[in-house]
Amino acid sequence: MGPDKIQWLMIVVSVGLTGHLVNLIRKRRLYERYAIIWLLAAMGMLFFSIFRPEINRVAYWFGVDYPPSLILVFAVLALVFIGLHFSLVLTRVKKDQARLVQEMALLTEKFEIYLKVSTHENGSEKAGK
Amino acid sequence: MLASDGFLVLIPAYNEALNIENTVSDVLEHCGNVEILVVNDGSVDKTAEIACKAGAKVLSLPVNLGIGGAVQTGFLYALRYGYQYVIRMDADGQHRAKDVALISLGLLEGADIVVGSRFILKEGFQSKPLRKIGIKLIAWLCRILNDGLWIGDPTSGFRGYSRKALSLFEKWYPVDYPEPEELIVAANGHCKIIEVPVTMAPRVRGHSSIGGWVSFFYVIKVVLAAFIEKSRGKYGPR
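Let us look at the structure shown here. Keep in mind that what you see is a predicted model, and the values were worked out from it rather than measured.

**Some details on the overall build of chain B**
Helix and strand content of chain B: eight helices and seven strands. Here the C-alpha radius of gyration of chain B, 16 Å, is about what a compact globule of 238 residues would show, namely 18 Å. Taking the principal axes of the C-alpha coordinates as reference, chain B spans close to 45 × 40 × 35 Å. A separation of at least 24 residues holds for 75% of the contacts in chain B among residues at least 6 apart in sequence.

**Topic: the packing of helix 1 (residues 20-31) of chain B against helix 2 (residues 47-54) of chain B**
Residues and elements named next belong to chain B. Helix 2 packs onto helix 1 with a crossing angle of 25° between their chain directions and a minimal axis gap of 9 Å. One element, helix 1, and the other, helix 2, form an angle in the roughly parallel class. Considering only the axes of helix 1 and helix 2, their crossing is right-handed. Taking contact as the criterion, the partners of Ile 20, Glu 21, Val 24 and Leu 28 in helix 1 are, on helix 2, Thr 47, Ile 50, Ala 51 and Ala 54. When grouped by side-chain class, the residues that make up the contact of helix 1 with helix 2 number six nonpolar, one polar and one charged.

**Details of the interface of chain B and chain A**
Counting residues at the interface gives 16 residues for chain B and 15 residues for chain A. Note on chain B versus chain A: buried area summed over both sides is about 1500 Å², and carbon and sulfur give 63% of it. Taken together, the links from chain B to chain A amount to two salt bridges. A salt bridge links Arg33(A) to Asp176(B), with the shortest nitrogen-to-oxygen separation between them at 2.7 Å. At the boundary of chain B with chain A, the tally comes to six residue pairs in polar contact (both at pLDDT 80 or more). With eight residues, helix 8 (residues 213-231) of chain B is the single largest residue contributor to the side of chain B that touches chain A. Residues of the side of chain B that touches chain A, tallied by class, amount to nine nonpolar, two polar and five charged.

**Comments concerning the environment of Lys230(B)**
Residues and elements named next belong to chain B. Tracing the sequence through the fold places Lys 230 in helix 8. By relative accessible area, which is 24% here, Lys 230 ends up partly exposed. Counting along the chain gives 49 residues from Lys 230 to Glu 181, while the straight-line C-alpha distance between them is 9.2 Å. If we skip the residues at most four places from it in the chain, Lys 230 touches Leu 145, Asp 147, Ile 184 and Asn 188.

**Here's the deal with the environment of Val219(B)**
Residue and element names in this part refer to chain B. Following the sequence through the fold, Val 219 ends up in helix 8. Residue classification places Val 219 among the partly exposed positions, given a relative accessible area of 38%. Residues Val 219 and Gly 134, 85 residues apart in the sequence, show an inter-C-alpha distance of 7.6 Å.

**Thoughts on helix 2 (residues 32-50) of chain A**
Every α-helix carries 3.6 residues per turn, so stepping three or four residues along brings you back to the same face. Residue and element names in this part refer to chain A. Compared with the 27 Å implied by 1.5 Å per residue over 19 residues, the 26 Å span of helix 2 between its first and last C-alpha is a close match. Looking at helix 2, one finds that the buried residues are Glu 32, Ala 35, Ile 36, Leu 39, Ala 42 and Ser 49. Relative to the axis of helix 2, the buried residues are bounded by an arc of 150° and lie together on one face.

**Topic: the state of the cysteines**
All names here are of chain B. Overall, the coordinates contain zero disulfides over all chains when judged by the stated rule. Looking at Cys 52, it has no disulfide partner, and the nearest cysteine sulfur is the one in Cys 31, 19 Å off. The structure places no disulfide on Cys 142, whose sulfur is separated from the nearest cysteine sulfur, that of Cys 191, by 15 Å.

**Observations concerning helix 7 (residues 179-188) of chain B**
All names here are of chain B. When you tally the buried positions in helix 7, you get 10 out of 10 residues, the bulk of the element. Of all the residues in helix 7, the buried ones are Glu 179, Pro 180, Glu 181, Glu 182, Leu 183, Ile 184, Val 185, Ala 186, Ala 187 and Asn 188. Looking one or two residues past helix 7, His 190 carries a phi angle of roughly 60°, positive in sign.

**Side note on the sheet that holds strand 7 (residues 193-197) of chain B**
All names here are of chain B. Ordered by their spatial adjacency, seven strands build an open sheet running 3-2-1-4-6-5-7, and the pairing between neighbours is mixed. What marks the edges here is a single partner per strand, and that holds for strand 3 (57-61) and strand 7. Ignoring strand direction, the axes of neighbouring strands in this sheet form an average angle of 20°. Relative to strand 2 (residues 35-41), strand 1 (residues 7-13) runs parallel, the two sharing six bridges. Bridged to Ile 11 within strand 2 is Val 38. Helix-sheet contacts for helix 4 (residues 100-108) involve strand 1, strand 4 (85-88), strand 5 (113-117), strand 6 (159-162) and strand 7, and the interaxial angle to strand 4 is about 150°.

**Concerning the packing of aromatic side chains**
Scanning the model with the defined rule gives 18 aromatic pairs over all chains in all. Ring geometry for Tyr34(A) versus Phe86(A): centroids 5.8 Å apart, planes at 55°, classification tilted. With Tyr34(A) in helix 2 and Phe86(A) in helix 4 (residues 67-128), the pair connects residues that are 52 residues apart, well separated along the chain. With relative accessibility at 26%, the residue Phe86(A) sits in the partly exposed group. Ring geometry for Phe7(B) and Tyr85(B): centres 4.7 Å apart, planes at 25°, overall stacked.

**A word on the pairing of strand 2 of chain B**
Residue and element names in this part refer to chain B. Burial within strand 2 is extensive, with six of its seven residues counted as buried. In terms of handedness, the path from strand 1 via helix 1 over to strand 2 forms a crossover that is right-handed. One ladder, built from five bridges, connects strand 2 with strand 3; its direction is parallel. Bridge assignment links Val 39 to a residue of strand 3, and that residue is Leu 59. Between strand 2 and its parallel partner strand 3, the chain crosses via helix 2, and the hand of that crossover is right-handed.

Conventions we followed
Sequence order sets the numbering: in each chain, residues are counted from 1 along the sequence as written. Each chain is given a letter, starting from A, and each ligand a number, starting from 1, according to the order in which they appear as written. In keeping with the model being predicted, local features are shown solely for residues with a pLDDT of at least 70 and side-chain atom pairs are shown and tallied solely at 80 or more, while totals for entire chains, interfaces and linings include all residues. Excluding hydrogens and water, the side-chain figures rest on all heavy atoms present in the structure. Only runs of H or I of at least four residues qualify as helices and only runs of E of at least two qualify as strands under DSSP, and these elements are numbered from the N terminus. This radius of gyration counts C-alpha atoms alone. The globule rule is 2.2 Å times how many residues there are, raised to the power 0.38. Working rule for contacts: check all heavy atoms of both residues, and any pair within 4.5 Å makes them a contact. Axes here refer to lines fitted to C-alpha atoms; in helices the fit is confined to the stretch in contact. Angles between the N-to-C directions go from 0 to 180 degrees. Here roughly perpendicular refers to angles of 65 to 115 degrees, roughly parallel to angles under 35, roughly antiparallel to angles over 145, and oblique to all remaining angles. Handedness of each helix crossing follows the sense of rotation of the near helix against the far helix: counterclockwise by less than a right angle gives left-handed, clockwise gives right-handed. The residue classification treats Ala, Val, Leu, Ile, Met, Phe, Trp, Tyr, Cys and Pro as nonpolar and Asp, Glu, Lys and Arg as charged. All others, Gly included, are polar. Note on definitions: buried area is the accessible-area loss of two parts on being combined, 1.4 Å probe, summed for both. One speaks of a salt bridge when a side-chain nitrogen belonging to Lys or Arg is within 4 Å of a carboxyl oxygen belonging to Asp or Glu. Any pair of nitrogen or oxygen atoms within 3.5 Å is treated as a polar contact; in protein, a donor-acceptor pairing is required on top of that, and neighbouring residues in sequence qualify only through side-chain atoms on both sides. The buried label applies to any residue whose accessible area, calculated with a 1.4 Å probe on protein chains only, is under 20% of its type's maximum; exposed applies above 50%, and partly exposed to all values in between. Given the number of residues in a helix, its expected span is that number minus one, multiplied by 1.5 Å. Here, the arc refers to the directions that run from the helix axis to the C-beta atoms. In what follows, a disulfide is any cysteine sulfur pair within 2.5 Å. Paired strands, as defined in this entry, are two strands with at least two bridges between them according to DSSP. In this analysis, rings of Phe, Tyr and Trp, with Trp reduced to its six-membered ring, are considered paired at centre separations within 6.5 Å, and the interplanar angle assigns stacked below 30 degrees, edge-to-face beyond 60, and tilted for intermediate values. Orienting the strands away from the viewer, one traces the path from the first strand over the helix to the second; a clockwise path indicates a right-handed crossover.

Dropping the structure here:
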């Protein structure tokens, strides 16, 4: 008995997702460090799409009678961890952004003082002549 | 010689207050009046102050960009201010300034990237056994992807770059653990890459940024990035 239609669909989705991730890295729109976690998820999906009986074995080992529940639990846990990871990344980006904006404001202020002093000195020189 | 030939010594540094003075002094002792640029990558200690007092020019980044960002900042500085060559060294004292002469000679003889390898003469610090295995694997990977070019120490940060190599990295440079991927980018960009023997010392003080789970991530990232970079194919003029 060959794979069901849903298995074929998941295989196509997993392979497509992997290809899309690789393409995003190639185009430098996605850093490898953020792609690795999604690539692992895609490979996990591919593995369980191909080796469907393995889901049952893993589920029974955890004491779960209805294997699809285990997939749901793992999927939700994975999304929670991925979400938390990106929340941490975003926090860091916001902190860095704030620091850069502050530095820019301080540099602008310094530059304006320099311009004023420079203009004043040039004006004094011309008046002296 | 180095100053008049347009050399810049680039030292990216993150929290290296314990080591940076010795590193800068070592360069001044062996390389004369060459310009030294320390890119202070958002350090929270007195790295910038100590480097400046030791005689280096310091470029302080307001936030930590990581090694890739810091090194690229140095490259941009070199390109904008007309330097012909950049010699990159680590701030932790592992690289010896006396070896700068050999790297600079390689650049003056026409190489675009000169990699200082600790594994040619096998003198000095040879890295821990597990890390050596990892480095060997990465070296073989780079050899397969670079049409047989053998660089035995592809993770070495002790390197020299010509202006042609610097131009390749002006718009984009690998962010994480850039050294192996840099070689594939350079090979794709028709750069001449050679390797010369250097002696490295163990880290004097402080901690390495690569250890534990980070090493595992390092290998995965390097392998993935290497294959994807190779898939981009050759570009630019020969």
